[in-house]
Amino acid sequence: MHVSLAQASALLKSGEVVAIPTETVYGLAADASNDSALRKIFTTKQRPADHPLIVHIGNINQVYAWASEFPETAMQLAKTFWPGPLTLVLPALDHVSRVLRGNEPTVALRVPNHPTTLALLELSGLSVAAPSANLFTQLSPTTAAHVEAGLGVHVPVLDGGACTVGIESTIVSVTADGNWQLLRPGMISEEQIAHATGKPQVVVDKTSHNILDKQTPKVPGQHLLHYSPRTPVALFNHRADLMHACEAIQHINQTCAALLIGAGDTPTCKVIQLSEKPEEVAEALYRSLHVLDALQVNQLLIELPPNTLAWTAVRDRLTRAGGSAVESLRSHDVSK
Ligand code: TXA
Ligand code: MG
């Protein structure tokens, strides 16, 4: 159900959820200071309660309303990349809802780069918590139509067009000592973060039992089976192996469809062929997977881009989309 900016603002202020556009993916928003509104996000998404939510704020000054520390490193990142696809995980002020932060001592914050949502934050005077506006573990939405297809037409959606970045924000945790760590790759790369902060990331050993590691950031909600189409997925590092798999599937009278990265030979099934540019592939990624998923074939065949830094975020999402298909990867793609 499409709603206007004024309706979206009124709904949020009365404690309801509204799907909102951002430059990354659509988010399912609720007033970040209202626990009963926040609970509606979890029930609508069928999301486990221990998965913390990202708070979307209108400007950098609002960090102080949520975080107990805003170290120089984090300030530099915010100044460099906001508004934009970067989420900062910072130590939380005591008043920040436990529902919002899934009982973590930290809070995740970002200023989204979308004029409609920035206008909504301004008009409502709220900060809004918003995870991606899809059912738990399913494909993230990059259009209002995706939101309605996934969550149902009764969910209010503020339509802001198709998302231009196309995959979820980069998440960086910054501890009070100013060290930073990448928690989720995105289109802002680790290199860009190191450059903006002037220092490399300090990876905290999650298996460490050292009690001095109290500041260890956790990465809740990073399930392997995330961002998944309903159709079983097989991943391939080499086009030739994908083409063989297509032949084998068709040989036993089953159906498949393929997502290809870059030019070259194509298999004899329905194909979406994306470019060789990481930004363009990211922008088209979920849209393409939604289209292929809707074909209801027996198997989706996905070509992975090269294992290089520029492709880290796209490879992360595709590997997770194929989380259910590690076996088929092994059986079809044995050449490595
Ligand atoms: O681009 C995005 O980040 C989108 C748009 C809507 O802004 N949002 C998004 O939210 O991807 P979601 O819920 O799908 O992913 C948020 C992730 C959680 O799964 C969790 O890993 C991390 O953010 N997160 C949130 N709060 C955290 C915290 N306090 N500590 C560590 N990780 C946190
Ligand atoms: Mg999500």
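Before reading further, recall that the structure is shown in the block above.
About the cut-offs
Residues numbered from 1 in each chain as written. Chains lettered and ligands numbered in written order. Predicted model: local features only at pLDDT ≥ 70, side-chain atom pairs only at ≥ 80, totals over all residues. Heavy atoms only, no water. Helix = DSSP H or I, 4+ residues; strand = E, 2+ residues; numbered from the N terminus. Buried < 20%, exposed > 50% of the residue type's maximum accessible area, 1.4 Å probe, protein only. Contact = heavy atoms within 4.5 Å. Areas by Shrake-Rupley, 256 points an atom, 1.4 Å probe, with all protein chains shown as cover. Phe/Tyr/Trp six-rings, centres within 6.5 Å; stacked < 30°, edge-to-face > 60°. Pairing = 2+ DSSP bridges. Axes fitted to C-alpha atoms, helices over the stretch in contact; angles between N-to-C directions. Arc of directions from axis to C-beta. Parallel < 35°, antiparallel > 145°, perpendicular 65-115°, else oblique. Left-handed = near helix turned anticlockwise from the far one by under 90°. Nonpolar A, V, L, I, M, F, W, Y, C, P; charged D, E, K, R; others polar.

## What to know about the overall build of the chain
The helix and strand tally for the chain stands at eleven helices and twelve strands. Classification of the 336 residues of the chain by burial places 55% in the buried group. By sequence separation, contacts in the chain at least 24 residues apart represent 67% of the contacts at least 6 residues apart. Summed over all atoms, the accessible surface of the chain reaches about 14,600 Å², with 54% contributed by carbon and sulfur.

## With respect to the packing of aromatic side chains
Enumeration according to the criterion identifies one aromatic pair in this entry. Here Tyr 64 and Phe 70 contribute two aromatic rings whose centre-to-centre distance is 5.5 Å and whose plane-to-plane angle is 70 degrees, an arrangement assigned as edge-to-face. Overall, Tyr 64 belongs to the partly exposed group, its relative accessible area being 46%. Judged by relative accessible area, Phe 70 falls into the buried class, the value being 14%.

## Quick notes on the pairing of strand S7 (residues 170-174)
Side-chain direction in a regular strand flips from residue to residue, so the side chains alternate between the two faces of the sheet. Extensive coverage of S7 is indicated by the burial of five of its five residues. Neither face of S7 is left uncovered, since the one carrying Thr 170, Val 172 and Val 174 and the one carrying Ile 171 and Ser 173 both have all their residues buried. In this structure, strand S4 (residues 86-91) lies alongside S7, joined through four bridges in parallel fashion. Across the sheet, the residue bridging to Leu 86 is Thr 170, located in S7. Pairing of S7 with strand S8 (residues 180-184), which is carried by four bridges, proceeds in the antiparallel orientation. Residue pairing in the sheet places Ser 173 in a bridge with Gln 181 of S8. Linking two consecutive strands that pair antiparallel, namely S7 and S8, is a turn of five residues; a positive phi of about 90 degrees is found at Gly 178 within it.

## A closer look at the sheet that holds S8
Strand-to-strand pairing in sheets goes through backbone hydrogen bonds, with the strands running parallel or antiparallel. Pairing in this open sheet of eight strands is mixed, and the strands run S1-S2-S6-S3-S5-S4-S7-S8 from one edge to the other. In the strand order of this sheet, the two ends are held by strand S1 (18-20) and S8, each with one partner.

## Focus: the sheet that holds strand S11 (residues 270-274)
Strand order in the open sheet made by the four strands is S9-S12-S10-S11, with parallel pairing throughout. In the strand order of this sheet, the two ends are held by strand S9 (233-236) and S11, each with one partner. When the angles between neighbouring strand axes are averaged without regard to direction, this sheet yields 15 degrees. Taken together, the five bridges between strand S10 (residues 256-261) and S11 define a ladder with parallel strand orientation. Paired with Ala 257 across the two strands is Lys 270, which belongs to S11. Relative to S10, helix H9 (residues 278-294) is tilted by about 175 degrees, and along the sheet it contacts S10, S11 and strand S12 (299-303).

## Thoughts on helix H7 (residues 190-197)
Among the residues of H7, those classed as buried are Ile 193, Ala 196 and Thr 197. The buried residues of H7 all sit within an arc of 90 degrees when viewed along its axis, so they share a single face. Turned more than 90 degrees away from the buried face of H7, the exposed residues are Glu 191 and His 195. In the core, the buried residues of H7 are packed alongside helix H3 (72-81), S4, S7 and S8.

## Let's talk about the packing of helix H1 (residues 5-13) against helix H5 (residues 115-124)
As a packed pair, H1 and H5 sit with axes 9 Å apart at the nearest point and diverge in direction by 55 degrees. Between H1 and H5, the angle falls in the class oblique. Handedness of the H1/H5 crossing: right-handed. Of H5, the residues touching H1 (which contributes Leu 5, Ala 6, Ala 8, Ser 9, Leu 12 and Lys 13) are Thr 116, Ala 119, Leu 120, Leu 123 and Ser 124. Grouping the amino acids of the contact of H1 with H5 by side-chain chemistry returns seven nonpolar, three polar and one charged.

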